Amino acid sequence: MEMIIMELQNLIDKYISHLYDNSYNTRGILRYQSLLNIFYEYLIIQNSLNSTTLISYLNGITPEAILNSVDYYISKGAYSEDTVGMYVSVIREFFRYIKNILDIGNDDLIKSFGLSKRDQRSFAFKYQSYLSKLLTNGTIQASKHGVPFTDEQVRSLVKFCDEHIVGPDISKISDREYDQYVKSLAVKLISYLGVSIDVLNNILVNHLDLERGTIIISGFRLHLPYHLRNQAEVYKDKFRKNSSNNTLFVLSDGKCFDQANKLGIYISNCFRYDSSVQNPSSVTSLAKYAIIQLIDAGIDRDTIRDLTGYKDEIYESCKQLIDLPIKSKQIDGIVKQLPAFDYL
């Protein structure tokens, strides 16, 4: 093994390069990097590790050690279940990467990621127990609407949806296949723009302009991604059930999504065997992921509220996830340049 990966910073750099190579959102990557830098500080400063002891430490690291690093993150300013949840998700994905690609890390730790939440050996069980203590003693604020899904989870969900969208060569599909098609399209649209169920149900058939490749949502005419556009075209032209309801997304019973759990249960099917997903049936958690992307892209608060149908509480919870790690890094860089830093 090359000496270059014997230092933690090089491991982090390799992971960040992996994210860029796989077309992750640039602002999201910076957020990942900032959170991993906090983990770096914890390991190097709190544990006095060096290049000689690092690999042996990582090969033996336990869920408890990762949870201890959360205390350090909280001391840096994290104050909510959302921020802690995102931090833990990033660290977990980092360990999966270095184990799969570089064969560095504890096998038992990786196995614990995949165990059921009810299994006391699982990372998810230990994390929930730890989280409950933080919430009970008021160290952090509870998430009122669900912790946002991560990039990895949304990618898995989109793949799941694509697998349940039948091809255009099928002339007749069952009601179950049809409902899967409609739900998949709806989930992908939420993943893209973070729209609420109410906004989703207000999209009409004539709001979809296939010649332009656009859709009108909350009064905004927006282009659809290539694959979603093609899938929507097949749905509208060949499969959509006749209904007195002019809503675009109509289920086989002729109704729209009158309850969020109709989509929530479908989403949870994707994460049936992934215990790392804290709230697998939360439509809002999926929407919050997309809203974070909208904020990253520079769209202002009022426009996001108008587009998605979600109000200030959801927007602010997403905004804090963006601000905290980035601001922490910016402030740290500034204070290290203060004159007193050299002699204190």
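Below or above, wherever it landed, is the structure these notes cover. (Residues numbered from 1 in each chain as written. Predicted model: local features only at pLDDT ≥ 70, side-chain atom pairs only at ≥ 80, totals over all residues. Heavy atoms only, no water.)

## Concerning the overall build of the protein chain
Okay, so step 1: Of regular secondary structure, the protein chain possesses 15 helices and 3 strands.
Okay, so step 2: The burial tally for the protein chain puts 51% of its 344 residues in the buried class.
Okay, so step 3: Once local pairs closer than 6 in sequence are excluded, the contacts in the protein chain between residues at least 24 apart make up 70%.
Okay, so step 4: Accessible surface, the protein chain: about 16,700 Å² in total, of which carbon and sulfur atoms supply 49%. (Helix = DSSP H or I, 4+ residues; strand = E, 2+ residues; numbered from the N terminus. Buried < 20%, exposed > 50% of the residue type's maximum accessible area, 1.4 Å probe, protein only. Contact = heavy atoms within 4.5 Å. Areas by Shrake-Rupley, 256 points an atom, 1.4 Å probe, with all protein chains shown as cover.)

## Some details on helix 12 (residues 261-270)
Okay, so step 1: Every buried residue belonging to helix 12 is among Leu263, Gly264, Tyr266, Ile267 and Cys270, and all of these are buried. Seen along its axis, helix 12 keeps its buried residues to an arc of 165 degrees; they face one direction.
Okay, so step 2: Packed against the buried residues of helix 12 are helix 8 (151-163), helix 9 (175-193), helix 10 (197-201) and helix 13 (283-296). (Arc of directions from axis to C-beta.)

## Structural notes on helix 11 (residues 226-239)
Okay, so step 1: Between its first and last C-alpha atoms helix 11 spans 19 Å; for 14 residues at 1.5 Å apiece the expected length is 20 Å, and the two agree.
Okay, so step 2: Of all the positions in helix 11, only Leu228, Gln231, Ala232, Val234, Tyr235 and Phe239 are classed as buried. Take helix 11 and look down its axis: the buried residues cluster within an arc of 160 degrees, on one side only. Seen from the buried face of helix 11, the exposed residues on the opposite side, beyond 90 degrees, are Tyr226, Asp237 and Lys238.
Okay, so step 3: Looking at the buried side of helix 11, the elements it contacts are helix 8, helix 9 and strand 1 (208-209). (Expected span 1.5 Å × (residues − 1).)

## Considerations on the sheet that holds strand 3 (residues 220-223)
Okay, so step 1: Taken in spatial order, the 3 strands line up as 1-2-3 in an open sheet, and their pairing is antiparallel. The sheet terminates laterally at strand 1 and strand 3, the two strands that pair on one side only.
Okay, so step 2: Bridge count for strand 1 against strand 2 (residues 214-217) is 2 bridges, and the pairing is antiparallel. Paired with leucine 208 across the bridge in strand 2 is isoleucine 215. (Pairing = 2+ DSSP bridges.)

## With respect to the packing of helix 9 against helix 11
Okay, so step 1: The geometry of helix 9 relative to helix 11 is characterised by a closest axis approach of 11 Å and an angle of 145 degrees between their N-to-C directions. Our pair here, helix 9 against helix 11, has a crossing hand that is left-handed. Between helix 9, through Tyr178, Tyr181, Val182, Leu185, Lys188 and Leu189, and helix 11, the contact on the second element is made entirely by His227, Leu228, Gln231, Ala232, Val234, Tyr235 and Phe239.
Okay, so step 2: By residue class, the composition of the contact of helix 9 with helix 11 is 10 nonpolar, 2 polar and 1 charged. (Axes fitted to C-alpha atoms, helices over the stretch in contact; angles between N-to-C directions. Left-handed = near helix turned anticlockwise from the far one by under 90°. Nonpolar A, V, L, I, M, F, W, Y, C, P; charged D, E, K, R; others polar.)

Geometric values such as these leave the question of function open.
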